[in-house]
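Examination of the molecular architecture
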Amino acid sequence: MAAEEAASWAQHEDEAPRTVFADLGLSELLLKGVEDVGYLHPTPIQEQAIPIVLMGRDVLGCAQTGTGKTASFVLPMMDILAGSRAKARMPRSLILEPTRELALQVAENFVKYGQHMKLTHALLIGGESMNDQRDALDKGVDVLIATPGRLLDLFERGRVMLADCKVLVIDEADRMLDMGFIPDVERIVSMLPPLRQTLFFSATMAPEIRKLADAFLQNPKEITVSAPASVATTITAGLALVQEADKRRALRRLIRAENVQNALIFCNRKRDVDILYKSLSKHGFSVGALHGDLAQSVRFATLEKFKNNELQLLVCSDVAARGIDIGGLSHVFNFDLPFHAEDYVHRIGRTGRAGREGHAYSIATADDAKLLDAIEKLTGNPIPRISVEGVEPVSEEEMTEARESKGRGRGRSRGKSEERSGRGDRGGRGQRDAAPRRDAEARPARDEAPRSRDEAPRSGRGDEAPRRGRRREEEPRR
Ligand code: AMP
């Protein structure tokens, strides 16, 4: 299946006749579950992976969030596991996820498709009561969905045994690598029976990821469905080049000018999420904030409100927003251009889903020239420039100048744009709420590093704390 087709599966929903779920070999009960959810056709990853998984083969899937990859492993797993029962503390399958949000979303998928089946699952994630998780394990579960740290915690306490796990899913392997979880994953894999089925998914296939796949998988079927650079054609994108001090004003005007039903607003730093959240609240917007330093209960409550349309806007960091699946998001705003060009594709891919129209607007300053170049190089398309009424634009000449000036790294720059705006009536460094930005830039917070580990737990040995120093106890074996 061509990458382009994979990226645009949704918008072809109404076109030529395509494969239906009944063609894939799933059981009647599961087909009923899928019908209840309202899916018409399998996505390319589902079409390719489901029959292979049902055959019992290992899968190496190169696919990102938004391609329907969750159902591509959840659905066949449910059929594989149907029919027999789990023993106490011995789950029959394991799904490893890098973040709590993703784990939660996978669990929601089990509930969603499994209405007519009697499978049980347990969610082992940091920040939640361990007692509840222990109780669930004691009853016996068919599917264990876990983040690596919490699973190891419970394993070390003798609450869970993995000897009966015959199906293993390693999801978002590239994120696991970024977050430093690979030693934990290797340890977990070494505790599973060598005779098992392994499904391994990653948005990218960097050499380190492929090495891991070689260690964990046996004769896998490789399935690639989406080029990381593809952007759905149902998304209208725009870029406003503005002065640093005008960013918040530009955002407010954009929001007001657009018919925004609900929008995610991305910032690169947790600190800026807080600042922008406060600023938008002050200006009367219906807004929430989401980043990894907020308490788990607050994050879930905010997310629920946003999903229920009680909040119109959600300001978030990349990692916190990853795994959030909100149907029908009308807009995405990049308050900051992401440090990693591929995150631009992930971010804006949250709108324009399932063939719907989406809007993605980004705000950038002259300091962002290099980040912008990287995004446009990756996607192969310049982002159409837009102007924001009442906000002075940065010219392309200033962008070129910024590109050419050497040693003017992000955050250290005091470029023309800043000098111009810094002391004017539009505010700048002297402005009350501009100060933290400077501080943040000089001293990046934990999740500001590229490929951050925004989700790190605050105490104990939770899932997300990378244990870089830990030795690999054992090579993963088959
Ligand atoms: P995922 O890539 O698993 O995060 O899925 C992205 C979104 O696509 C989720 O909202 C799913 O509910 C939705 N989805 C998954 N499979 C299908 C399908 N076959 N048809 C329509 N929507 C789907």
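Residues numbered from 1 in each chain as written. Predicted model: local features only at pLDDT ≥ 70, side-chain atom pairs only at ≥ 80, totals over all residues. Heavy atoms only, no water.

Brief notes about the overall build of the protein chain
Note the following rule: In this description a helix means any DSSP run of H or I spanning at least four residues, a strand means any run of E spanning at least two, and both kinds are numbered starting from the N terminus. Each residue's exposure class comes from its accessible area (1.4 Å probe, protein chains only) as a fraction of the maximum for that residue type: buried when under 20%, exposed when over 50%, partly exposed otherwise. Contact between two residues is taken to exist if any of their heavy atoms lie within 4.5 Å; hydrogens are not considered.
Scanning the protein chain from N- to C-terminus turns up 19 helices and 13 strands. In the protein chain, buried positions account for 55% of the 478 residues. Nonlocal contacts in the protein chain, meaning residues at least 24 apart in sequence, comprise 78% of its contacts between residues at least 6 apart.

Quick word on the environment of Thr70
Structurally, Thr70 is set in helix α4 (residues 69-81). Put simply, Thr70 and Ile45 are 25 residues apart on the chain and 9.4 Å apart in space, counted from C-alpha to C-alpha. Excluding residues within four positions of it along the chain, Thr70 makes contact with Val106 and Asn109.

Considering the packing of helix α6 (residues 130-139) against helix α7 (residues 148-156)
Here is the rule: Note on geometry: axes are lines fitted to C-alpha atoms, helical ones only across the stretch in contact, with angles between N-to-C directions running from 0 to 180 degrees. Here is the rule for angles: anything less than 35 degrees is roughly parallel, anything more than 145 is roughly antiparallel, 65 through 115 is roughly perpendicular, and the remaining ranges are oblique. A clockwise turn of the near helix away from the far one marks a right-handed crossing, whereas an anticlockwise turn of less than a right angle marks a left-handed crossing. Gly counts as polar in this scheme, as do all residues outside two lists: the nonpolar Ala, Val, Leu, Ile, Met, Phe, Trp, Tyr, Cys and Pro, and the charged Asp, Glu, Lys and Arg.
Packing of α6 against α7 brings their axes to within 12 Å, and their N-to-C directions diverge by 70°. It follows from the interaxial angle that α6 and α7 lie roughly perpendicular. By crossing handedness, the relation of α6 to α7 is classed as right-handed. Here α6 contributes Met130, Gln133, Arg134 and Leu137 to the contact with α7, which in turn contributes Arg150, Asp153 and Leu154. Grouping the amino acids of the contact of α6 with α7 by side-chain chemistry returns three nonpolar, one polar and three charged.

Digging into the pattern of salt bridges
What counts is decided by this rule: For this analysis, a salt bridge means a side-chain nitrogen from Lys or Arg found within 4 Å of a carboxyl oxygen belonging to Asp or Glu.
A full pass over the atoms with the stated rule returns 19 salt bridges. Here Asp336 ties to Lys247 by a salt bridge, and the two come within 2.7 Å at their closest N and O atoms. Within this pair, whereas Asp336 is found in the loop between β12 (331-334) and α15 (341-348), its partner Lys247 is found in helix α11 (residues 247-257), the two being separated by 89 residues in sequence. The burial state of Asp336 is the same as that of Lys247; both residues are buried. One network of salt bridges, with partners in common, ties together Lys69, Asp171 and Glu172.

Considering unusual backbone geometry
Positive phi is not limited to glycine here, since Arg89 has a value of about 60°. As for its placement among the helices and strands, Arg89 is situated in the loop between α4 and β2 (93-96). For Arg89, a relative accessible area of 29% gives the class partly exposed. For Glu172, which is not a glycine, the phi torsion comes out positive at approximately 55°. As for its placement among the helices and strands, Glu172 is situated in the loop between β5 (167-170) and α8 (173-178). Classification of Glu172 as buried rests on a relative accessible area of 2%.

Details of the packing of helix α3 (residues 44-54) against α4
Interaxial distance between α3 and α4 falls to 9 Å at its minimum, and their mutual angle equals 25°. Relative to α4, the element α3 is oriented roughly parallel. You can see that α3 and α4 cross each other, and the crossing is right-handed. Counting all contacts with α3, which are made through Ile45, Gln46, Ala49, Ile50, Val53 and Leu54, the residues of α4 involved are Lys69, Ala71, Ser72, Leu75, Pro76, Asp79 and Ile80. Of the residues belonging to the contact of α3 with α4, the class tally is nine nonpolar, two polar and two charged.

Quick notes on the nonpolar core
To be explicit about the condition: The term nonpolar core refers to a set of buried residues drawn from Ala, Val, Leu, Ile, Met, Phe, Trp, Tyr and Cys, joined through side-chain atoms within 4.5 Å.
Membership of the largest hydrophobic core comes to 36 residues, with the highest contact counts inside it found for Phe21, Phe73, Leu75, Ile95, Phe110 and Ile145. Residue assignment for this core shows that the elements contributing at least two residues are α2 (28-37), α3, α4, α5 (100-113), β4 (143-146), β5 and β6 (197-202). The residues contacting Phe21, other than those within four sequence positions of it, are Leu26, Leu31, Val34, Tyr39, Leu40, His41, Pro42, Gln46, Ile50 and Leu75. Core analysis: the second largest hydrophobic core is formed by 34 residues, Val141, Ile182, Ile209 and Val319 among them.

Side note on the packing of aromatic side chains
The relation between two aromatic rings is expressed through the spacing of the ring centres and the mutual angle of the planes. We count it as follows: Here is the rule: rings of Phe, Tyr and Trp (six-membered ring for Trp) pair when centre to centre is within 6.5 Å. Planes less than 30 degrees apart are stacked, more than 60 are edge-to-face, and the remainder are tilted. Here, over-ring charges are defined by two tests on the NZ atom of lysine or the CZ atom of arginine: distance to the ring centre within 6 Å, and angle to the ring normal within 35 degrees.
Taken as a whole and assessed by the stated rule, the structure comprises five aromatic pairs. Through a chain of ring-to-ring contacts, the aromatic side chains of Phe21, Tyr39 and Tyr113 assemble into a single cluster. In this structure, Lys247 packs its charged tip against the face of Phe335, placed 4.6 Å from the ring centre.

So, the sheet that holds strand β9 (residues 263-266)
Inclusion rule: DSSP-based pairing: two strands are paired if at least 2 bridges between them are found.
The sheet built from six strands is open, its strands ordered β8-β13-β12-β9-β11-β10 with parallel pairing. Looking at strand neighbours, the two that pair on one side only are β8 (235-241) and β10 (287-290), the edges of this open sheet. Shown here is a sheet whose adjacent strand axes are inclined to one another by a mean of 20°, direction ignored. Sitting on the sheet, helix α13 (residues 296-307) is in contact with β9, β10 and β11 (313-316), with an inclination near 140° to β10.

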